[in-house]
Amino acid sequence: MTLTDWIGFTGVAILLIAYFLNIANIIKSDGFMYLFLNFIGAGISCIASVMLKYIPFVIMEVAWTLVSAIGMIRCLRKNKN
């Protein structure tokens, strides 16, 4: 496997772990940990997509990362009040 493969595999693994933990009712989909894992996983997957020069996945992973970041900010603001 190449470095790009390992980076992509790591990002996707983090995304799948987040999904599994949510389905198993270990973490909530609106909780910070779920959003954080999605942010990290999508960000890492985006790096691999950039390295592959596969623009459709770059767009998808950038959107996923941004949506997760917005969710984390909202979660932090909600918990602050």
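Anything mentioned here points back to the structure above.
Every chain's residues receive numbers from 1 upward, in the order its sequence appears when written. Given that the model is predicted, a residue must reach a pLDDT of at least 70 before its local features are reported, and side-chain atom pairs must reach 80 or more before they are shown or counted; all residues, however, enter totals for whole chains, interfaces and linings. Neither water nor hydrogens contribute to the side-chain values; these are computed over all heavy atoms in the structure.

Enquirer: So, the overall build of the chain: which residues are in play, and what are the values?
Expert: A count of helices and strands for the chain gives three helices and zero strands. Working definition: helices are DSSP H or I runs of at least four residues, strands are E runs of at least two. Numbering for both runs from the N terminus. Along the chain, from the amino end to the carboxyl end, the secondary structure elements read α-α-α. Expressed as lengths along the three principal axes of its C-alpha atoms, the size of the chain is roughly 45 × 25 × 15 Å. Burial classification: accessible surface area is computed with a 1.4 Å probe over protein chains only, and a residue below 20% of its type maximum counts as buried, one above 50% as exposed, and the rest as partly exposed. A burial count over the chain gives 33% of its 81 residues as buried. By sequence separation, contacts in the chain at least 24 residues apart represent 56% of the contacts at least 6 residues apart. Exposure was quantified through the Shrake-Rupley algorithm and a 1.4 Å probe, taking into account, for residues, occlusion by the shown protein chains and nothing else. Element-wise, carbon and sulfur atoms account for 73% of the exposed surface of the chain, whose accessible area totals about 5700 Å². What makes two residues a contact is simply this: any of their non-hydrogen atoms within 4.5 Å.

Enquirer: I'd like a rundown of the side chain of asparagine 22, residues and numbers included.
Expert: Following the sequence through the fold, asparagine 22 ends up in helix H1 (residues 3-23). A residue is classified by how much of its surface remains accessible, and asparagine 22, at 18% relative accessible area, is buried. Excluding anything up to four places from it in sequence, asparagine 22 contacts Ile27, Lys28, Ser29 and Tyr34.

Enquirer: Could you give me a rundown of the packing of aromatic side chains, with the residues and numbers involved?
Expert: Note on aromatic contacts: the rings of Phe and Tyr and the six-membered ring of Trp form a pair at centre separations within 6.5 Å, being stacked when their planes are under 30 degrees apart, edge-to-face when over 60 apart, and tilted otherwise. The final tally for this structure, using the stated rule, is three aromatic pairs. When the centroid spacing of 6.1 Å and the interplanar angle of 85 degrees are considered together, the rings of tryptophan 6 and phenylalanine 9 count as edge-to-face. With tryptophan 6 and phenylalanine 9 both in helix H1 and three residues apart, this pair spans about one turn of that helix. Ring geometry for tyrosine 54 versus phenylalanine 57: centroids 5.2 Å apart, planes at 65 degrees, classification edge-to-face. Phenylalanine 57 gets classed as partly exposed once you look at its relative accessible area, which sits at 42%.

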